[in-house]
Amino acid sequence: MVYSETVQSERLYSRVAEAYEDVFERAILAEGRLTTLVRRHMDGKRVLDLACGNGRWLRRFRPGHYTGLDLNERMLAQARRQYPASEFVRGDMTNLPFDDATFDGVVSVFGAMGHVPAEGQRRMIREAQRVMKADGIAIFTNGNVWSPFNVPLLLRGHRVRIEGMPVRVHSSSPGSFERALESAGFEVLELSSYDYSYLPIMPLKFGGCLVGRDYRAIYAGIMDVLEHCCYIPSLRWFGKQLVAICRKRGQDHANGKQR
Ligand SMILES: C[S@@+](CC[C@H](N)C(=O)[O-])C[C@H]1O[C@@H](n2cnc3c(N)ncnc32)[C@H](O)[C@@H]1O
């Protein structure tokens, strides 16, 4: 299925592929807790990284076997160049070229599913569920409409410009995200928000230069502290992104039986 959002995404990532991690640096530096979650649930497993981009998650966790899938050739070219020993496949996340029950785990992070509308997200989640083994674990992230930091995005009708390119991105509320996952046959084990990176990065870049320190380390340290906001009830849903850890229901669940 080709959505207009997919065409926009292809244009955007074809343009930024070589500079991807610089363009998205602010949000990438706010992924401390997400990285911990990915390691905890995916290390040692046969993992599908859905919409893997340039494969950068391979620096952060140690799957037993890794397959990265992405639609964008230039992002995949970066991935293959950096990780020549790993497997990368070109494909559409809403129609996966894998057999049923192939993977122990699926990760689809950094809001990749936001590049398709709600109907496409449901297809993508169903496809992820199909290619997973029973009781496998999936980690999905998507933009959080409850985050006050996403209000400007909502006011602009879900449209943003990234590097001058118009992009439409689709976010979820915690409730709609959970319902989409549950209705595809997942049990949601944990749902929270992350990315409190509203702290302006520019003063840090400037300050870091002044004191001769790499601002990235300072920034990541501040993000690590801010991430604890997700444990404070009143700030729980402030994070720009939602992250769900879910388990593919086994046959008993699929048949509607209690375990
Ligand atoms: C924000 S990047 C995330 C990449 C990676 N997951 C990460 O954490 O850096 C979004 C990625 O989704 C990919 N993408 C967008 N639509 C897709 C689709 N329909 N099927 C597969 N990949 C898609 C883009 O090519 C891009 O690489």
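Quick caveat: nothing in here was measured; it's all calculated off a predicted structure.

Draft legend 1. Region of the structure containing the packing of aromatic side chains. This structure, assessed with the given rule, holds 11 aromatic pairs. The interplanar angle of 55° and the centroid separation of 5.2 Å between the aromatic rings of tyrosine 20 and phenylalanine 24 together place this pair among those described as tilted. Take tyrosine 20: its relative accessible area is 7%, and that puts it in the buried class. With a relative accessible area of 14%, phenylalanine 24 lands in the buried category. One aromatic cluster is present, formed by Tyr13, Tyr20, Phe24 and Phe110 through successive ring pairs. Over the ring of phenylalanine 110 we find arginine 56, and its NZ or CZ is 4.9 Å from the ring centre.

Draft legend 2. Highlighting the site of the ligand. Inspection of the region around the ligand gives 19 residues, with Tyr20, Ala51, Arg56, Asp70 and Met93 positioned closest. In the model, an oxygen atom of the ligand is placed 3.0 Å from a nitrogen or oxygen of the tryptophan 57 side chain.

Draft legend 3. Geometry of the pattern of salt bridges. As enumerated under the stated definition, the model contains 14 salt bridges in all. Here arginine 56 ties to glutamate 31 by a salt bridge, and the two come within 2.9 Å at their closest N and O atoms. Of this pair, arginine 56 sits in the loop between β1 (46-50) and β2 (65-70) while glutamate 31 sits in the loop between α3 (25-28) and α4 (32-42); the two residues are 25 residues apart in sequence, bridging distant segments of the chain. What makes arginine 56 buried here is its relative accessible area of 4%. Residue classification places glutamate 31 among the buried residues on the basis of a relative accessible area of 2%. Taking the shortest distance from any N to any O, the salt bridge between lysine 133 and aspartate 104 comes out at 3.1 Å. Here lysine 133 is found in strand β5 (residues 132-143), whereas its partner aspartate 104 is found in strand β4 (residues 103-108), with 29 residues between them in sequence. The partly exposed category is assigned to lysine 133, whose relative accessible area is 34%. Beyond isolated ion pairs, a larger network of salt bridges with shared partners links Glu31, Arg56 and Arg60.

Draft legend 4. Structural detail: the pairing of β4. The buried count for β4 comes to 5 of 6 residues, which makes it a mostly enclosed element. One ladder, built from 3 bridges, connects β1 with β4; its direction is parallel. Within β4, the residue paired with valine 47 across the bridge is glycine 105. Looking at chain direction, β4 and β5 are connected through 5 bridges and run parallel. Within β5, the residue paired with valine 106 across the bridge is alanine 138. You can see the chain leave β4, run along helix α6 (residues 118-131) and come back into β5, and the turn it takes is right-handed.

Basis of the calculations
Residue positions are given per chain, counting from 1 as you read along its sequence in written order. Side-chain atom pairs in this predicted model are given and counted only at pLDDT of 80 or more, local residue features only at pLDDT of at least 70, and totals for whole chains, interfaces and linings cover all residues. For the side-chain quantities, the full set of heavy atoms in the structure was used; hydrogens and water were omitted. Any pair of Phe, Tyr and Trp rings, taking the six-membered ring for Trp, is counted once the centres come within 6.5 Å. Such a pair is stacked with planes under 30 degrees apart, edge-to-face with planes over 60 apart, and tilted for the rest. Summary of the burial criterion: residues with accessible area below 20% of their type's maximum are buried, those above 50% are exposed, and those between are partly exposed, where the area comes from a 1.4 Å probe applied to protein chains only. Counted as over-ring charges are cases with an Arg CZ or a Lys NZ within 6 Å of the ring centre that also lie within 35 degrees of the ring normal. To be near a molecule or strand, a residue needs just one of its heavy atoms within 4 Å of it. Whenever a nitrogen or oxygen atom comes within 3.5 Å of another N or O atom, the pair is scored as a polar contact, on the condition that within protein one atom can donate a hydrogen and the other can accept it, and that pairs from neighbouring residues in sequence are kept only if both atoms are in side chains. Salt bridge criterion: a side-chain nitrogen from Lys or Arg within 4 Å of a carboxyl oxygen from Asp or Glu. Under the DSSP-based scheme used, a helix requires at least four consecutive residues in state H or I and a strand at least two consecutive residues in state E, with every element numbered from the N terminus. Whether two strands pair comes down to DSSP finding at least two bridges between them. By convention, orient the strands away from the viewer: a clockwise path from the first strand over the helix to the second makes the crossover right-handed.

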